[in-house]
Amino acid sequence: MTAAMDITIRKAETSKLKDINLENLPFGRYFTDHMLEADYENGEWKNVEIKPYQPLLLEPSLASLHYGQAIFEGIKAYKNSDGEAFIFRPQDNFRRFNISAERMQMPAVPEEIFMDGMNKLIALDKNWIPAKFDHSLYIRPFMFSADPVIGVRPSETYKFMIILSPTGPYYSAPMRIYVEEHFVRASPGGVGYAKAAGNYGAAMYATAQAKTKGYDQVLWMDAIEHKYVQECGTMNVFFIIGNKAITPGLEQGTILDGVTRQSSITLLQEMGFIVEERDLGIDEITDAYKSGQLHEVFGTGTAATISLIKELKYKNFEMKFDVEKWKTAPMLKSWLTDIREGRREDKYGWMQKID
Ligand SMILES: *Cc1c(COP(=O)(O)O)cnc(C)c1O
């Protein structure tokens, strides 16, 4: 493989931006003028191209549609008040992408394609980053197996792509959460730590069941004892108990190593919390609630940043919270938003500038 990857750029003749109302942006519905596409064939990446956003022409026998070798990432780019564009911690997503690739028996994507390609693509569609409070450009890198063969085996060809979608504030109302004791998201030895497309499909039934019971999302429990907290829907989860912030640890490989999770750990420590990454049993949570020590519960993830949890239902026990009185989660959300949009010092070097 050559050291510097050539990226061909073919520009769109006209921009669709004038047809988009940046005041009202449903999440993930609109895409920018360009996309990146690269092919893996004969053991190497080639045809790295930035071109006008367009449909793909695919064979019905496309392996990923049948056996699910498909992974993705979610990253955001922001503009500060001087109009400069930055991506939030993209190197962490790049690393995680190749961890997912390895678990799904897919080839690693080189940094020159993932990082340089993403930078060039965003630089080209920079006008699409909304320069407004809590607005951003959502970046979706993904890879899927591309052999037109339905034999069960790892594909020999793959496609890596990046598409971009402008997004407004992803307001998520405080959530009512159902503690799920039957369905599981991930088990030890499984693919829970990978951002594999199938993890999402596999979670939809349980989520729909919780919705019919009047809840917004499920709190996933461990697959063996159904006792230890894992994640909340597609977000990592934090519990403020006493003067500690507790989030499940990553050792079992059942939890997605969220970039927002890592960032929250750092900022909670800066706020003075003792942060513990460890097993957290549901009994410890109900006990803390009963003794008045369970102060806040929230989810973290790139799409919504921080989502407050106003109710947790475990068996017949309801834990309800007055989120209006909370200090920590709202502060965490505003610190993160302010760092991303340049109003708070980027002490940890999280923001990567786009030239
Ligand atoms: C993507 C994802 C998260 C959040 O990760 P971020 O890097 O913070 O966006 C959490 N849990 C699951 C299952 C995910 O897929």
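Keep in mind that what you see is a predicted model, and the values were worked out from it rather than measured.

A. Main features of the pairing of strand β12 (residues 236-241). For β12, a buried count of six out of six residues is recorded, marking the element as mostly surrounded by other parts of the structure. Burial of β12 is two-sided: the residues Asn236, Phe238 and Ile240 facing one way and the residues Val237, Phe239 and Ile241 facing the other way are all buried. Across six bridges, the pairing between β12 and strand β15 (residues 294-301) is antiparallel. Considered in β15, the bridge of Ile241 is made with Leu294.

B. Representation of the environment of Arg103. Locating Arg103 in the fold gives a position in helix α2 (residues 90-103). In the structure, Arg103 is positioned 92 residues away from Lys195 in sequence and 9.7 Å away in space, judged by C-alpha atoms. There is a polar contact of 3.1 Å between the side chain of Arg103 and the backbone oxygen of Gly189.

C. Fine view of the nonpolar core. Counting residues in each nonpolar core, the largest one holds 46 residues, and the members touching the most others are Leu219, Phe239, Leu268, Ile285, Leu294 and Leu312. Both of domain 1 (8-168) and domain 2 (175-339) provide at least three residues apiece to this core. Excluding residues within four positions of it along the chain, Leu312 makes contact with Ile177, Val179, Leu219, Phe239, Ile285, Val297, Phe317, Glu318, Met319 and Phe321. Counting 40 residues, the second-largest nonpolar core is a separate cluster that includes Ile50, Ile87, Met106 and Ile139.

D. Broad picture of the packing of aromatic side chains. Throughout the structure, instances matching the rule amount to 19 aromatic pairs. Centroid distance Phe321 to Trp326: 5.9 Å. Interplanar angle 65°. Geometry classified as edge-to-face. Accessibility expressed as a relative area gives 9% for Trp326, which makes it buried. In this structure an aromatic cluster arises from ring pairing among Tyr40, Trp45, Phe94, Phe97, Phe114, Tyr158 and Phe160. Lying across the ring of Tyr178, Lys213 places its NZ or CZ 4.3 Å from the centre.

Conventions and cut-offs
Residues numbered from 1 in each chain as written. Predicted model: local features only at pLDDT ≥ 70, side-chain atom pairs only at ≥ 80, totals over all residues. Heavy atoms only, no water. Buried < 20%, exposed > 50% of the residue type's maximum accessible area, 1.4 Å probe, protein only. Helix = DSSP H or I, 4+ residues; strand = E, 2+ residues; numbered from the N terminus. Pairing = 2+ DSSP bridges. Polar contact = N/O pair within 3.5 Å; in protein donor to acceptor, adjacent residues only side chain to side chain. Core = buried A, V, L, I, M, F, W, Y, C linked by side-chain atoms within 4.5 Å. Domains from an automatic or database assignment. Contact = heavy atoms within 4.5 Å. Phe/Tyr/Trp six-rings, centres within 6.5 Å; stacked < 30°, edge-to-face > 60°. Lys NZ or Arg CZ within 6 Å of the ring centre and 35° of its normal.

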